[in-house]
Amino acid sequence: MATYAECLTIVREVLGEYLEPGQTAGENDALVADLGLSSLQMLELVVEIEDQLDISLPLNQLPDVRTVHEFAQMLESVAGGAQP
Amino acid sequence: MSLLEKFAPLNKMRTDLLEYGSLPFGVVTERIISPTIGIVHGRETILAGSNNYLGLTFEPSCIEAAKAALDAEGTGTTGSRMANGTYSTHHALEQELAAFFDRQHALVFTTGFLATMGMVSTLAGRDDVLLIDADSHASIYDGCRLGGAEIIRFRHNDPADLEKRLRRLGERSANTLVVAEGLYSMLGDQPPLEAIVDIKDRYGACLLLDEAHSMGVFGAHGRGLAEALDLEDRVEFVVGTFSKSLGSVGGFCVSNLPELDLIRMAARSYIFTASPAPSVVASTREALKLIATRPELRERLWRNANQLYSGLQESGFQVGPQPSPVVAVFVDQAELAIEWWHQLLDNGIYVNLVIPPATPSTSCLLRCSMSAAHTTEQVNKIVSSFADLRSENRVAGSAV
């Protein structure tokens, strides 16, 4: 079972691949508005995190995810029983 | 005016596009002359982005059938299939579709979009799972939104990713509808259908295959990719459209499962819209006969498709992953894609301009679709017009 803190760490780690050098992702940063992720990058981000946690994220829930915090929260809710 | 503020980005995009001249979206064909020629901006233009794969829109027997239906049955049904909008001819078309696809049941919808959206949204309910290819058409995505099922995407044309996601579902895989397309409309690529079918069978899921762009294109009888790969018995639902190879408008679903007939009483897009006009039904029935009896149309289509694909490749363009009646040219920069689109139109060639996020990557596409009705000379002109674009010695694009 992945905890919120573990999910947050994974989100930040994977996000790092998409950010400018020196840029870091804050917990309350918005993925699109603050960090500048495109829709295609969002899709890649989701797929990479799904593979790390061996889960599938329902598309229905993704529109509710705006910030790094909300993404980690959603991961925590879905990743029941999954090992990070 | 806060209600309308959301349209500001669209307005800006339209304004930016208009700086290049006319708007590339919603081009007006001032006069349509044939399946491959129209008058656009006062100029005779080769239509190379019309999805008119078999070129049947001006087929005399289809036109005659439509005219006769107008005289006999009037201009429209004014009602839903569920109410007064089912005529004997709608019923006959369903029987003929079932026979054509060698299936027991067929359902006719008013458009292909409504057929796909209606089937996807109705088949998978609240406790079910929709497992869709990431590059699915908008009608599939919209069907997903309407239905209330859990929606999961698998990587485009990636059976290993599909399997991984079915495995993660555990017992829920038996309540899963996998959705794929017979020919993807943006890049013209085909799915690894045999692998997809093997995997969904192993996990007890059902498959809905959208043959909108592959009907009339693949298979000895033109039934689509499932026929070409001898997989029809293992594909539970096939949806498609009348608005491409059949040259009219409308949509359908065929299946051997008797539950398809119950969809008539459950699919909102079937129930709450007027049924196809009798003239449309008549020309579709005629075109369906031609698909089955004139394989030379498919041969001509593929000859043209291969000629265009290899011609553009030899001219140095990055094209889609495999030859197909849809030939997409990648252009990395949006400004260049728009400029080239206008140059092609000025040179009498109409293709589709596709800009992200409607494309599967960050590149823009100049999307061509071939027809059996294109002549060799027309295909040569399309290729040479593209080649002329590169004479300015600018970088084209690459698949991303």
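Keep in mind it's a predicted model, so treat the numbers as computed, not measured. (Residues numbered from 1 in each chain as written. Chains lettered and ligands numbered in written order. Predicted model: local features only at pLDDT ≥ 70, side-chain atom pairs only at ≥ 80, totals over all residues.)

Enquirer: Would you mind going over the overall build of chain B with me for this structure?
Expert: Of regular secondary structure, chain B possesses 14 helices and 14 strands. In terms of its C-alpha atoms, chain B occupies a principal-axis envelope of roughly 60 × 55 × 55 Å. Taking the contacts inside chain B whose residues are at least 6 apart along the sequence as the reference set, 71% of them involve residues at least 24 apart. (Helix = DSSP H or I, 4+ residues; strand = E, 2+ residues; numbered from the N terminus. Contact = placed C-beta atoms within 7 Å.)

Enquirer: What exactly am I supposed to notice about the overall build of chain A here?
Expert: Each helix and strand in chain A was counted, giving three helices and zero strands. Its helices and strands in sequence order give chain A the pattern α-α-α, from N to C terminus. Computed over C-alpha atoms, the radius of gyration of chain A comes to 12 Å, within 12% of the 12 Å expected from 2.2 N^0.38 for 84 residues, which places it in the range of a compact globule. Referenced to the eigenvectors of the C-alpha coordinate spread, the extents of chain A come out at roughly 35 × 25 × 20 Å. Counting across all 84 residues of chain A, residues that qualify as buried make up 20%. (Rg over C-alpha atoms; globule rule 2.2 N^0.38 Å. Buried ≥ 20, exposed ≤ 12 C-beta atoms within 10 Å, placed from the backbone.)

Enquirer: Would you take a moment to explain the interface of chain B and chain A for this structure?
Expert: Accessible area lost upon the coming together of the parts serves often as the stated size of an interface. With 10 residues of chain B at the interface, the matching set in chain A holds 10 residues. Those elements giving two or more residues to the side of chain B that touches chain A turn out to be strand 6 (150–154) and helix 6 (159–169) of chain B. Among the elements that make up the side of chain B that touches chain A, the one with the highest residue count is strand 6 of chain B (four residues). Of the residues belonging to the side of chain B that touches chain A, the class tally is four nonpolar, one polar and five charged. (Nonpolar A, V, L, I, M, F, W, Y, C, P; charged D, E, K, R; others polar.)

Enquirer: Would you mind going over the packing of helix 2 (residues 60–73) of chain B against helix 11 (residues 278–293) of chain B with me for this structure?
Expert: Two quantities define a packed helix pair, namely the angle between the helix axes and the distance between the axes. Residue and element names in this part refer to chain B. Their axes nearest at 7 Å, the elements helix 2 and helix 11 cross at an angle of 150 degrees. Pair helix 2 / helix 11 crosses with right-handed handedness. Only P278, S279, V281, A282, S283, R285, E286 and A287 of helix 11 make contact with helix 2, whose side of the interface consists of S61, C62, A65, A66, A68, A69, L70 and E73. Looking at the contact of helix 2 with helix 11 residue by residue, the classes come out as 10 nonpolar, three polar and three charged. (Axes fitted to C-alpha atoms, helices over the stretch in contact; angles between N-to-C directions. Left-handed = near helix turned anticlockwise from the far one by under 90°.)

Enquirer: Help me understand the sheet that holds strand 1 (residues 31–32) of chain B in this model?
Expert: Pairing between sheet strands relies on hydrogen bonds along the backbone, with the strands arranged either parallel or antiparallel. All names here are of chain B. The mixed open sheet is built from four strands, whose spatial order is 1-2-3-12. Strand pairing shows two members of the sheet lacking a second neighbour, strand 1 and strand 12 (349–350), which therefore form its edges. Here strand 1 pairs with strand 2 (residues 37–40) via two bridges, running antiparallel. What sits directly across from R31, in strand 2, is I39. (Pairing = 2+ DSSP bridges.)

Enquirer: Teacher, can you tell me more about the domain arrangement of chain B here?
Expert: Residues and elements named next belong to chain B. Split into domains, chain B comes out as domain 1 (2–57 + 295–392) and domain 2 (74–293). Domain 1 and domain 2 are separated by 27 Å when their C-alpha centres are compared. Residue-level contacts link 21 residues of domain 1 with 20 residues of domain 2. Elements that contribute at least two residues to the side of domain 1 that touches domain 2 include exactly helix 12 (295–314), strand 11 (326–331) and strand 14 (364–369). No other element matches the three residues that strand 11 contributes to the side of domain 1 that touches domain 2. Across the side of domain 1 that touches domain 2, the residue classes tally to 12 nonpolar, seven polar and two charged. (Domains from an automatic or database assignment.)

Enquirer: Before we go on, may I ask you to explain the sheet that holds strand 7 (residues 176–181) of chain B in this structure?
Expert: All names here are of chain B. As summarised here, the arrangement of the seven strands in space is 4-10-9-8-7-5-6, forming an open sheet in which the pairing is mixed. What marks the edges here is a single partner per strand, and that holds for strand 4 (105–109) and strand 6. Taken pair by pair, the neighbouring strands of this sheet meet at an average axis angle of 20 degrees, ignoring direction. Summarising the sheet, strand 7 and strand 8 (residues 206–210) pair through five bridges and their orientation is parallel. Across the sheet, L177 pairs through a bridge with C206, a residue of strand 8. Contacts between helix 5 (residues 138–147) and the sheet are confined to strand 5 (129–133), strand 6, strand 7 and strand 8, with strand 5 contributing the most and set at about 165 degrees to the helix.

Enquirer: What is the right way to read the packing of helix 12 of chain B against helix 14 (residues 376–389) of chain B from this model?
Expert: Residue and element names in this part refer to chain B. Direction vectors running N to C along helix 12 and helix 14 enclose 20 degrees, while the axes themselves pass 10 Å from each other. Classified by the interaxial angle, the pair formed by helix 12 and helix 14 is roughly parallel. When you trace helix 12 past helix 14, the crossing you get is right-handed. Between helix 12, through N304, Q307, L308, G311 and L312, and helix 14, the contact on the second element is made entirely by V379, I382, V383 and F386. The residue makeup of the contact of helix 12 with helix 14, split by class, is six nonpolar, three polar and no charged. (Parallel < 35°, antiparallel > 145°, perpendicular 65-115°, else oblique.)

Enquirer: What's the story with the confidence of the model for chain B in this structure? I'm lost.
Expert: The predicted coordinates of low-pLDDT regions are not to be read in fine detail. Confidence in the prediction for chain B averages 95 pLDDT; 98% of positions are at 70 or higher. In the predicted assembly, ipTM is 0.84 and pTM is 0.94. (pLDDT = per-residue confidence, 0-100.)

Enquirer: Would you mind going over unusual backbone geometry with me for this structure?
Expert: Peptide bonds are trans in most cases, and residues, glycine excluded, mostly fall at negative phi. For the peptide bond that leads from P356 of chain B to P357 of chain B, omega is 10 degrees, which places it in the cis range. Following the sequence through the fold, P357 of chain B ends up in the loop between strand 13 (352–354) and strand 14. For D54 of chain A, which is not a glycine, the phi torsion comes out positive at approximately 55 degrees. Structurally, the position occupied by D54 of chain A is in the loop between helix 2 (39–53) and helix 3 (68–78). With phi around 60 degrees, T78 of chain B is a residue other than glycine that occupies positive phi space. The topology assignment puts T78 of chain B in the loop between helix 2 and helix 3 (88–101).

Enquirer: Quick question: what am I supposed to make of helix 2 of chain B here?
Expert: Owing to its 3.6 residues per turn, the α-helix brings residues three or four apart onto one side. Residues and elements named next belong to chain B. Along its 14 residues, helix 2 runs 20 Å from first to last C-alpha, staying within 8% of the 20 Å computed at 1.5 Å per residue. Buried residues of helix 2: C62, A65, A66 and A69, and no others. Along helix 2, the residues classed as buried sweep out an arc of 100 degrees about the axis, all on the same side. Away from its buried face by more than 90 degrees, helix 2 exposes P60 and D71. For helix 2, the secondary structure elements touched by its buried residues are helix 3 and helix 11. (Expected span 1.5 Å × (residues − 1). Arc of directions from axis to C-beta.)

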